[in-house]
Amino acid sequence: MDYILAALVGLFIALGIYLLLSRSVIRMLIGMTIFGNGVNLLIFTAGRVTREIAPIIPPGLDAPEGPIANPLPQALILTAIVIGFSMFSFLLVLAFRAYQSLDADNTDNMRLAEPERAPQPPLSY
Amino acid sequence: MEATLPQAMIETATPLADWVVVLPIVLALIGAAGLLMVRRSTRMPLVGAVLVVLGIIACEIVLLLAVLENGPVSMTMGRWLPPFGISLTADIFGASFALAASVVTLFILLYAEIDRAGADGRDAFHAIVLLLLAGVTGAFLTGDLFNLYVWFEVTLIASFGLIVQGGRPAQLDGAVKYGFLNFLATTLFLLSLGLLYGLLGTLNMADIMRVAPLANPAAMAGVAALLLLAFGMKAAAFPLNAWLPAAYHTPPAAISALFAGLLTKVGAYALLRALVALLPASRDLLEPVLALLAITTLLLAPLGAIAETNLRRAIGFIVIGGIGAVMVGLAVPTADGIAGSGLYILHAILTMSALYMVAGLVEKRTGSTDTRQMGGLYAASAPLSVLFILLVLASAGVPPFLGFWPKLLLLEAGLAEGVTGPAAGWIGSALTLALLVNAVLTLIAGTRLWAHIFWREGPEGEGSEHVRQPLAPLDRRGRLGFGAVAALTAGIVMAGLWPAPLLDGARTGAQDVADPARYVAATGLAEDTP
């Protein structure tokens, strides 16, 4: 199971990076999301995948009776999903606003902050 | 079975004195929420934000004094003992950077008034600044790697909110590049966190220091390389620096100053913490890479500043050059090297912010962002020219200014490694040379800017006999901004003239980074490796 998940993580991250290399902002966004999901899956796999029972301690005991699933990676992923979603929403709105005011989805045409033909620096002094 | 289990829960209440570790973050978050509610009022946001930041500064002074007196202070959240509970652990470096960050934020809050003449408060500027401060303070004070990731994201989302304020097209352009590359960097950090957790089974920094030597060194080196990639991107080290000069000059000057002081320094601090303190064995394997990154950053960044005509973009390249100096200490992690890196981060938080603040005032006076359109500002505002040249000298590291002392420590470390030490190699001598060349190039870039903006009679193309159009005098808000940056610069000059306490503090802080015994003991974990 671990090997299949590891291969899937690799596939997700490769796909994410491929899309991030695109010039289109929307494709980059989709790539970012797939990359983030690959990372979440990686944390899940790194926490060891088991078929054991849920990490709940029965009443009256201080420790679980037998082996249990690792609850920490799930907590980590939950945090990462929430954060990743908020970042994705912001970047989506930003991409739309940039499209509206710059009239560009292609990053090659976004040259306002960095003019393409930068002027020569002054030669005095 | 229960009898053999070690203690896992905190049974007693945390001592009141330890609360100063978490108070700065709590105050900033509550303050941000409160200011959001009163954002439409005319005076309340500024007054409230200044009061909250003053409270944060007071807490951090108490914290820093406690850390200087007794070594690192730790507090663990949620009743679970480390490594299960999330620890906040402050050592000298973390506490002093957090203090410097809040001091800079205080001055920037006052300075930001120059751009807020017609603001109606809908943008919630002050609340987002406090949120950014909470993220940065949390990153400096945390003792848990996943918690560090969360603070990185808090900082990032707050900086998103600030960089688009005003919504000019150039800002949106800069924000797209800033947003994507920084989000990618934090996702890479999360990726290396996942791998690290898989290898070690813990994310508490003190616990990582204990168990890292037991793990497979090749796998750990891979994780360390990923961390270097992620934090190098956050810190804007060459060749991952492209987002900084693309974005930092687009928002209003106060926001640029806040970013320059706080954001890249968090990345540099995380590099120092992760590679030198947490994974020293993996850092040794990466040493040639670190040295190469330091040298290229040191040499190429000031060349970018010389070639630039946009004032704030040129200063952005000087900020990147400073990151190169921090990387020198990572490549040569002797006592002097680590102390030099730490002190340089402190210096950069203060000086780079002040430099952007002066640049904002220059743009306000001349009404232009292009150095070719400036000139003759000396006659109009001699005090401004004095501030600018003082900050240029400080950032280039000319004695006796603040930037000189960390560079002196780094030069000593480089010389000891490369020339005079027993294991003389190319790394030490090349780093020493790069530091010296960087100082000269930064000085050339800075003084050229000064000569073009202040010294020459008028803008490009005008003869010297042309009388410059009289420049607009500063209004009341402008004078407040000038006062803020003058006070900050005075502090920087004073710190440069009396560096002894800073040097002592940096040396003690470097000991705690190189030898984790006191740091681990503060969290309550057992000293020996399990």
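Model, not experiment: these values are computed from the prediction. (Residues numbered from 1 in each chain as written. Chains lettered and ligands numbered in written order. Predicted model: local features only at pLDDT ≥ 70, side-chain atom pairs only at ≥ 80, totals over all residues.)

Colleague: Outline the overall build of chain A, supporting the account with residue identities and numerical values.
Modeller: For chain A, the helix and strand inventory stands at three helices and zero strands. The linear arrangement of helices and strands in chain A, starting from the amino end, is α-α-α. Here chain A has a C-alpha radius of gyration of 23 Å; the compact-globule value for 125 residues is 14 Å, and the former is much larger. Projected onto its principal axes, the C-alpha positions of chain A cover 80 × 40 × 30 Å. Across the 125 residues that make up chain A, the buried fraction comes to 25%. A sequence separation of at least 24 residues applies to 52% of the contacts in chain A between residues at least 6 apart. (Helix = DSSP H or I, 4+ residues; strand = E, 2+ residues; numbered from the N terminus. Rg over C-alpha atoms; globule rule 2.2 N^0.38 Å. Buried ≥ 20, exposed ≤ 12 C-beta atoms within 10 Å, placed from the backbone. Contact = placed C-beta atoms within 7 Å.)

Colleague: I'd like a rundown of the overall build of chain B, residues and numbers included.
Modeller: Tallying secondary structure elements over chain B gives 20 helices and two strands in all. The C-alpha radius of gyration computed for chain B amounts to 23 Å, which stays within 12% of the reference 24 Å derived for 530 residues, consistent with globular compactness. Across its three principal directions, the C-alpha atoms of chain B cover 90 × 60 × 40 Å. Burial statistics for chain B: of 530 residues in total, 60% are counted as buried. Looking at chain B alone, contacts between residues at least 24 apart form 80% of all its contacts between residues at least 6 apart.

Colleague: Explain the nonpolar core residue by residue, including any values.
Modeller: Residue and element names in this part refer to chain B. With 230 residues, the main nonpolar core has Leu130, Ala294, Val358 and Val485 as its most contacted residues. No other element matches the 19 residues that helix H10 (residues 253-278) contributes to this core. When neighbours within four sequence positions are excluded, Ala294 is seen to be in contact with Gly324, Met327, Val328, Ala331, Leu431 and Ala434. (Core = buried A, V, L, I, M, F, W, Y, C linked by C-beta atoms within 7 Å.)

Colleague: Pulling in residues and values, what's your account of the interface of chain B and chain A?
Modeller: Listed per partner, the contact involves 40 residues of chain B and 35 residues of chain A. Those elements that place two or more of their residues in the side of chain B that touches chain A are helix H5 (145-163), helix H6 (169-200), helix H9 (243-247), helix H11 (280-307) and helix H17 (426-455) of chain B. In terms of residue count, H6(B) provides more of the side of chain B that touches chain A than any other element does, 17 residues in total. Looking at side-chain class alone, the side of chain B that touches chain A contains 23 nonpolar, nine polar and eight charged residues. (Nonpolar A, V, L, I, M, F, W, Y, C, P; charged D, E, K, R; others polar.)

Colleague: Let's hear about the UniProt feature "transmembrane region" (unreviewed entry) in chain A: which residues, and what values?
Modeller: UniProt tags residues 75-96 of chain A as "transmembrane region" (unreviewed entry). The span residues 75-96 of chain A is 100% helical and 0% strand by assignment, and the distance between its end C-alpha atoms comes to 32 Å. (UniProt positions renumbered as here; feature names shortened; annotations may be inferred.)

Colleague: Describe the pairing of strand E1 (residues 73-76) of chain B, and please don't skip the residues or the numbers.
Modeller: Two faces belong to every sheet, and in a regular strand the side chains alternate between them. Residues and elements named next belong to chain B. Residue alternation in E1 divides its side chains into two sets, Val73 and Met75 and Ser74 and Thr76, and both sets are buried. The pairing of E1 with strand E2 (residues 87-90) spans four bridges and is antiparallel. Residue pairing across strands places Thr76 opposite Ser87, the latter belonging to E2. (Pairing = 2+ DSSP bridges.)

Colleague: Outline the environment of B:Ala439, supporting the account with residue identities and numerical values.
Modeller: Residue and element names in this part refer to chain B. The residue Ala439 is located in helix H17 in this model. Taking the C-beta count within 10 Å as the criterion, Ala439 has 22 such neighbours and is therefore assigned buried. Considering only alpha carbons, one finds Ala439 and Gly403, 36 residues apart in sequence, at a separation of 9.9 Å. Once residues within four sequence positions are removed from consideration, Ala439 is found in contact with Ala396, Gly397 and Lys407.

Colleague: Give a detailed account of the environment of B:Met352, specifying residues and quantitative values.
Modeller: Residue and element names in this part refer to chain B. Relative to the helices and strands, Met352 resides in helix H13 (residues 335-366). Spatially, the C-alpha atom of Met352 lies 35 Å from that of Leu195, the residues being 157 residues apart in sequence. For Met352, the contacting residues outside a window of four places in its chain are Ala260, Gly261, Val319 and Gly322.

Colleague: Lay out unusual backbone geometry in plain terms, naming residues and giving numbers.
Modeller: Residue B:Pro239 is reached from B:Phe238 by a cis peptide bond, and omega for that bond is 5°. Along the polypeptide, B:Pro239 turns up in the loop between helix H8 (217-235) and H9. That bond from B:Pro399 to B:Pro400 is cis: its omega, 5°, falls within 30 degrees of zero. Secondary-structure assignment places B:Pro400 in the loop between helix H15 (382-396) and helix H16 (404-420). The phi torsion at A:Arg48 lies on the positive side, around 70°, for a residue other than glycine. Within the secondary structure layout, A:Arg48 lies in the loop between helix H2 (25-46) and helix H3 (71-102). Backbone geometry places B:Ala124, a non-glycine residue, at a positive phi of 55°. Residue position: B:Ala124 is located in the loop between helix H3 (92-111) and helix H4 (125-141).

Colleague: Quick one: what's the story with the packing of helix H1 (residues 23-37) of chain B against helix H2 (residues 44-70) of chain B, residue by residue and with numbers?
Modeller: Residue and element names in this part refer to chain B. Where H1 contacts H2, the axes come no closer than 9 Å and their chain directions differ by 175°. Classified by the angle between their axes, H1 and H2 sit roughly antiparallel to one another. Contacts between H1 and H2 involve Leu23, Pro24, Leu27, Ala28, Gly31, Gly34 and Leu35 from the former and Pro45, Gly48, Ala49, Val52, Gly55, Ile56, Cys59 and Glu60 from the latter. (Axes fitted to C-alpha atoms, helices over the stretch in contact; angles between N-to-C directions. Parallel < 35°, antiparallel > 145°, perpendicular 65-115°, else oblique.)

Colleague: Pulling in residues and values, what's your account of helix H1 (residues 2-20) of chain A?
Modeller: Residues and elements named next belong to chain A. Compared with the 27 Å implied by 1.5 Å per residue over 19 residues, the 27 Å span of H1 between its first and last C-alpha is a close match. Buried within H1 we find Val9, Ile13 and Gly16. When H1 is viewed along its axis, its buried side chains cluster within an angular range of 60° and face the same direction. In H1, the exposed positions that point more than 90 degrees away from the buried face belong to Tyr3, Ile4, Ala7 and Gly10. Structurally, H1 contributes buried residues whose contacts are with H2. (Expected span 1.5 Å × (residues − 1). Arc of directions from axis to C-beta.)

Colleague: I'd like a rundown of the environment of B:Leu258, residues and numbers included.
Modeller: All names here are of chain B. Relative to the elements of secondary structure, Leu258 occurs in helix H10. When the C-alpha atoms of Leu258 and Met352 are compared, they prove to be 9.2 Å apart, with 94 residues separating the residues in sequence. Each residue touching Leu258, except ones within four places of it in the same chain, is listed here: Thr105, Ile108, Val129 and Leu132.

Colleague: Explain the packing of H3(B) against helix H19 (residues 500-514) of chain B residue by residue, including any values.
Modeller: All names here are of chain B. The interhelical angle for the contact between H3 and H19, taken along N-to-C directions, is 130°, at an axis separation of 8 Å. What the angle tells us is that H3 and H19 run oblique. Every residue of H19 that contacts H3 at Ile92, Phe93 and Ser96 is listed here: Gly505, Thr508, Gly509, Asp512 and Val513. Here the contact of H3 with H19 is built from residues that sort into three nonpolar, four polar and one charged.

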